[in-house]
Amino acid sequence: MKYLLAIVVMVVSLASYAAEESGKKDPASGFWTCNGIKLHMGVDLVSWQNLDDGDTYVQTEPPSPENDKEISVHGTSYTFASMRNPAVIKFFIVDKSGKKLYLHDDIKFFKLHPCKRDS
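Residues numbered from 1 in each chain as written. Predicted model: local features only at pLDDT ≥ 70, side-chain atom pairs only at ≥ 80, totals over all residues. Heavy atoms only, no water.

Let us look at the overall build of the chain. In terms of regular secondary structure, the chain is built from one helix and nine strands. Secondary structure elements of the chain, listed N to C terminal, follow the sequence α-β-β-β-β-β-β-β-β-β. Counting only residues that meet the buried cut, the chain has 32% of its 119 residues in that class. For the chain, restricting intrachain contacts to residue pairs at least 6 apart in sequence, the fraction spanning at least 24 positions comes to 32%. (Helix = DSSP H or I, 4+ residues; strand = E, 2+ residues; numbered from the N terminus. Buried < 20%, exposed > 50% of the residue type's maximum accessible area, 1.4 Å probe, protein only. Contact = heavy atoms within 4.5 Å.)

And the structure:
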């Protein structure tokens, strides 16, 4: 019984530690509208959900610095693939301040659509 109680206490303390660590929210997370798509960007920018059709997109590559001269915004680039159809890929850029989000156009890759934060 003592061992069971010790294990329960250990699990609870680890769970609370994990909750504290995951409590660090990225400034670019939240509800956005990008080029007519309503979406919710996850707290850690690892996934986002299209609120119009319910599709979830997950990060396929680690974030990378975006310094291309043909793109007007510099910051961090994120690549996401659809869970319904992995061939559908969306690219986002978070500016250097971390508070503005941009969606790459599907056809004209160097064209960016600024995202508007929803309340």
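By the definition in use, this model includes one disulfide. Two residues share a disulfide in this structure: C34 and C115, whose sulfurs sit 1.9 Å from each other. The sign of the 120 degrees torsion about the S-S bond sets the C34-C115 disulfide as right-handed. Taken together, the residues C34 in strand 1 (residues 30-34) and C115 in strand 9 (residues 112-117) connect sequence positions 81 residues apart. (Disulfide = S-S within 2.5 Å.)

With respect to the secondary-structure elements, D53 resides in the loop between strand 3 (47-50) and strand 4 (56-59). It is 9.8 Å that separates the C-alpha atoms of D53 and L39, two residues lying 14 residues apart in sequence.

Following the criterion strictly, the structure yields seven aromatic pairs and no others. Measuring from centroid to centroid gives 6.4 Å for Y78 and F80, while their planes differ by 15 degrees, and the two rings are stacked. An aromatic cluster is present here, built from W48, Y57, Y78, F80 and F92 joined pairwise through their rings. (Phe/Tyr/Trp six-rings, centres within 6.5 Å; stacked < 30°, edge-to-face > 60°.)

Most of strand 6 (residues 75-82) sits out of view: seven of its eight residues are buried. Relative to strand 6, strand 4 runs antiparallel, the two sharing three bridges. Looking across to strand 6, one finds that Q59 is bridged to F80. Here strand 5 (residues 64-66) runs beside strand 6; their pairing, made up of three bridges, is antiparallel. The residue of strand 6 that forms the bridge with E66 is G75. Here strand 6 runs beside strand 7 (residues 89-95); their pairing, made up of seven bridges, is antiparallel. Looking at strand 7, one finds that G75 is bridged to D95. Linking two consecutive strands that pair antiparallel, namely strand 6 and strand 7, is a turn of six residues. (Pairing = 2+ DSSP bridges.)

The subject of this paragraph is the confidence of the model for the chain. Parts of the prediction with low pLDDT should not have their coordinates interpreted in detail. A residue-level look at the chain finds 81% of positions with pLDDT of 70 or above and a mean pLDDT of 84. For the chain, per-element mean pLDDT is lowest for helix 1 (residues 2-22), which scores 44, and highest for strand 4, which scores 97. In the model, residues 4-20 has pLDDT below 50 throughout and makes zero contacts with residues more than four positions away in sequence or in other chains. (pLDDT = per-residue confidence, 0-100.)

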